[in-house]
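Chain by chain, the residues run as shown.
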Amino acid sequence: MLEEVTPATNRLLTTREAVKTELQIVTVAEHDVFLNMLIEQASDAIVSYCNRPFAFAELREHVAGDDTSFLTLSRTPIVGVTSILMNNQPILDYRILDADAGILQRDQGWFAEGESRWWSVVHAPVSKPHYIVTYTAGYVLPGDTGRNLPGVIERACIDTVKSWFLARERDPVIKSEKLGDWQASYGGMYSTDGLPASVAQMLSSWRRFV
């Protein structure tokens, strides 16, 4: 179970100013409302496609041990761990092994269901422990102080908004157009997820499948 203790205040993967610079309409205000809508939709589409939020947030997650020295958290990159509780007892002997992969390491191990361990006075099998981890994870997004979102993610959002904006007046049913010697083909421009094909390829290494 994962909950946001302090939800992200900003979930947009780029800014209107960046998009307008890309589109060379910096001084034009008439498109602002439309661009804001596209940025929000593109950000949501990228999060859905990658199957992971990117925005910085404070989280609380219940994680079961698997009898190894590694415990994997859902949100990454891990920025910091506030506390870890096991059966309401604090766990202190851990370290962040890999912030980008969300892995915490503990020499004594993160124990699994049905194990008889040091915390059981009579050494009887205990119920499955739930490690309750309170931590912060994610990136500071464009427009916020200290932004550290990887540039490729913002570029993916800008390119998606740009593609959608420029295609706003084109009939999506039309796959190609020809006028005199000029011809354009629109087949294969978008992935099955609605993102431009080039953006889907750009984000391939950021996707999660669990």
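Refer to the structure printed above.
Residues numbered from 1 in each chain as written. Predicted model: local features only at pLDDT ≥ 70, side-chain atom pairs only at ≥ 80, totals over all residues. Heavy atoms only, no water.

A. Structural context of the overall build of the chain. The secondary structure content of the chain amounts to four helices and 10 strands. For the chain, the sequential pattern of α-helices and β-strands runs β-α-α-β-β-β-β-β-β-β-α-β-β-α. Look at the contacts in the chain between residues 6 or more apart in sequence, and 69% of them connect residues 24 or more apart. About 11900 Å² of surface is accessible on the chain, with carbon and sulfur atoms providing 53% of the total. (Helix = DSSP H or I, 4+ residues; strand = E, 2+ residues; numbered from the N terminus. Contact = heavy atoms within 4.5 Å. Areas by Shrake-Rupley, 256 points an atom, 1.4 Å probe, with all protein chains shown as cover.)

B. Spotlight on the environment of Gln108. Examined against the element boundaries, Gln108 turns out to sit in strand β7 (residues 103-110). In sequence terms Gln108 and Thr68 are 40 residues apart; their C-alpha atoms lie 8.6 Å from each other. Here Asp93 takes part through its side chain, which lies 2.9 Å from a polar atom of the side chain of Gln108. (Polar contact = N/O pair within 3.5 Å; in protein donor to acceptor, adjacent residues only side chain to side chain.)

C. Representation of the environment of Val210 in the model. Following the sequence through the fold, Val210 ends up in the segment after α4 (197-202). According to the relative accessible area criterion, Val210 is exposed, its value standing at 91%. (Buried < 20%, exposed > 50% of the residue type's maximum accessible area, 1.4 Å probe, protein only.)

D. Broad picture of the packing of aromatic side chains. Under the counting rule described, the total for this entry stands at three aromatic pairs. Between Phe34 and Phe165, the ring centres sit 6.0 Å apart and the planes meet at 40 degrees, which makes this aromatic pair tilted. With Phe34 in helix α2 (residues 32-50) and Phe165 in helix α3 (residues 151-166), the pair connects residues that are 131 residues apart, well separated along the chain. Lying across the ring of Trp110, Arg106 places its NZ or CZ 5.6 Å from the centre. In this structure, Arg207 packs its charged tip against the face of Tyr49, placed 3.8 Å from the ring centre. (Phe/Tyr/Trp six-rings, centres within 6.5 Å; stacked < 30°, edge-to-face > 60°. Lys NZ or Arg CZ within 6 Å of the ring centre and 35° of its normal.)

E. Just α2, in detail. With 19 residues, α2 ought to run about 27 Å at 1.5 Å a step, and its terminal C-alpha atoms sit 27 Å apart, in line with that. For α2, the elements touching its buried residues are α1 (16-23), α3 and α4. Residue Asn51 follows α2 closely and has a positive phi angle near 60 degrees. (Expected span 1.5 Å × (residues − 1).)

F. How the structure looks around the sheet that holds strand β5 (residues 89-90). With antiparallel pairing, the five strands of this open sheet are ordered in space as β1-β2-β8-β4-β5. For this open sheet the edge positions go to β1 (2-6) and β5, each flanked by a neighbour on one side alone. Examined bridge by bridge, strand β4 (residues 78-86) and β5 share two bridges and lie antiparallel to one another. Pairing of Met86 across the sheet is with Gln89, part of β5. (Pairing = 2+ DSSP bridges.)

G. Representation of the packing of α1 against α3 in the model. In contact at an axis separation of 10 Å, α1 and α3 are set at 60 degrees when each is read in the N-to-C sense. Comparing their axes, α3 and α1 come out oblique. Note on packing geometry: the crossing formed by α1 with α3 is right-handed. Within the contact between the two elements, α1 uses Ala18, Val19, Glu22 and Leu23 and α3 uses Glu154, Arg155, Ile158, Val161, Lys162, Phe165 and Leu166. Looking at the contact of α1 with α3 residue by residue, the classes come out as seven nonpolar, no polar and four charged. (Axes fitted to C-alpha atoms, helices over the stretch in contact; angles between N-to-C directions. Parallel < 35°, antiparallel > 145°, perpendicular 65-115°, else oblique. Left-handed = near helix turned anticlockwise from the far one by under 90°. Nonpolar A, V, L, I, M, F, W, Y, C, P; charged D, E, K, R; others polar.)

H. A look at the nonpolar core. Within the largest apolar cluster, 29 residues are counted, with the highest numbers of intra-cluster contacts made by Leu13, Ile46, Phe54, Val161 and Leu203. For this core, the elements supplying multiple residues, two or more each, are α1, α2, α3 and α4. The element best represented in this core is α2, accounting for eight residues. For Leu13, the contacting residues outside a window of four places in its chain are Ser43, Ile46, Phe54, Leu141, Pro142, Leu149, Ile153, Glu154 and Cys157. Formed by 17 residues, the second largest nonpolar core is a distinct cluster that contains Leu59, Ile78, Met86 and Val133. (Core = buried A, V, L, I, M, F, W, Y, C linked by side-chain atoms within 4.5 Å.)

I. Representation of the pattern of salt bridges. One pass over the full model with this rule turns up 11 salt bridges. With its nearest N and O atoms 2.8 Å apart, the salt bridge here joins Arg11 to Glu4. The class for Arg11 is partly exposed, based on a relative accessible area of 40%. Across the salt bridge formed by Arg155 and Glu22, the nearest N and O atoms sit 3.3 Å from each other. Taken as a pair, Arg155 in helix α3 and Glu22 in helix α1 lie far apart in primary sequence, 133 residues in all. (Salt bridge = Lys/Arg side-chain N within 4 Å of Asp/Glu carboxyl O.)

Bear in mind that shape data such as this cannot, by itself, settle questions of function.
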